[in-house]
Amino acid sequence: QVQLVESGGGLVQAGGSLRLSCAGSGRTFSRYAIGWFRQAPGREREFVIAISWSGGSTYYADSVKGRFTISREHAKNTVYLQMNSLKPEDTAVYYCAATASGSYYNAELYHYWGQGTQVTVSS
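Residues numbered from 1 in each chain as written. Predicted model: local features only at pLDDT ≥ 70, side-chain atom pairs only at ≥ 80, totals over all residues. Heavy atoms only, no water.

K.L.:
Could you give me a rundown of the packing of aromatic side chains, with the residues and numbers involved?
P.N.:
The geometry of an aromatic ring pair is captured by the separation of the ring centres together with the interplanar angle, meaning the angle of the planes. Evaluated as defined, the whole model comprises nine aromatic pairs. Seen from their ring centres, Y59 and Y104 are 4.1 Å apart, and the 15° between their planes marks the pair as stacked. Linking Y59 in strand β6 (residues 58-60) with Y104 in the loop between β9 (92-99) and β10 (112-113), this pair joins segments that are 45 residues apart in sequence. Grouped by ring-pair contacts, the aromatic residues F37, F47, Y59, Y95, Y104, Y105, Y110 and W113 constitute a single cluster. Positioned over the ring face of Y95 is R45, at 4.1 Å from the centre of the ring. The lysine or arginine in question, R45, covers the ring of W113, its NZ or CZ lying 4.6 Å from the ring centre. (Phe/Tyr/Trp six-rings, centres within 6.5 Å; stacked < 30°, edge-to-face > 60°. Helix = DSSP H or I, 4+ residues; strand = E, 2+ residues; numbered from the N terminus. Lys NZ or Arg CZ within 6 Å of the ring centre and 35° of its normal.)

Take a look at the structure:
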């Protein structure tokens with residue numbers, strides 16, 4: 001069993017930065033790939049970015065390439081989402097999730113989810 005807790009959300013002006021954290025519990029956390037998804041009001045949940053269990057591979061949605069990066073720190077059981085050059089369209093609830101499926105883009109293949117953290121980007 002893996003539990004995930006997101007933190008770091010908040011209100012930021014367009015062009016600003018935020019760093020989200022996803023803290024995992026459980027000894028098997030390091031064996032899971034971690035993805036970030038987001039959901040804006042009235043919209044479906046969408047893939048943002050993901051990192052393999054080893055941290056050696058990363059996967060990005062086209063909308064965040066060049067602006068967002070993901071990293072993980074195994075010693076702290078934590079994955080970080082660094083968001084730069086934020087835009088109003090990045091406003092959403094951001095969720096981290098864990099998967100051992102080998103697939104990164106499909107939310108249905110993630111086994112565990114956090115509760116989400118709100119990111120609001122003002123224009």
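So that's the structure; there's more coming.
K.L.:
Tell me about the sheet that holds strand β8 (residues 78-83), and please be specific about residues and values.
P.N.:
In space, the four strands of this open sheet follow the order β1-β3-β8-β7, with antiparallel pairing throughout. The open sheet has two edge strands with one neighbour each: β1 (3-7) and β7 (68-73). Strand-to-strand twist in this sheet, taken as the mean axis angle between neighbours without regard to direction, amounts to 15°. Sheet topology note: the strand β3 (residues 18-25)/β8 ladder contains six bridges and is antiparallel. Bridge pairing links C22 to V79 in β8. (Pairing = 2+ DSSP bridges. Axes fitted to C-alpha atoms, helices over the stretch in contact; angles between N-to-C directions.)

K.L.:
For the nonpolar core, give the residues involved together with the corresponding values.
P.N.:
Core analysis: the biggest nonpolar cluster contains 36 residues, and I34, W36, F68, M83 and Y94 have the highest contact counts within it. Residue assignment for this core shows that the elements contributing at least two residues are β3, β4 (33-39), β5 (46-51), β7, β8, β9 and β11 (117-122). When neighbours within four sequence positions are excluded, F68 is seen to be in contact with R38, V48, I49, Y60, L81, Q82, M83, N84, L86, D90 and Y94. (Core = buried A, V, L, I, M, F, W, Y, C linked by side-chain atoms within 4.5 Å. Buried < 20%, exposed > 50% of the residue type's maximum accessible area, 1.4 Å probe, protein only. Contact = heavy atoms within 4.5 Å.)

K.L.:
Describe unusual backbone geometry, with residues and values.
P.N.:
Positive phi is not limited to glycine here, since N77 has a value of about 50°. Looking at where N77 falls in the secondary structure, it is placed in the loop between β7 and β8. Its identity is not glycine, yet S85 carries a phi of approximately 50°, on the positive side. Secondary-structure assignment places S85 in the loop between β8 and β9. Its relative accessible area of 39% is what places S85 among the partly exposed residues.

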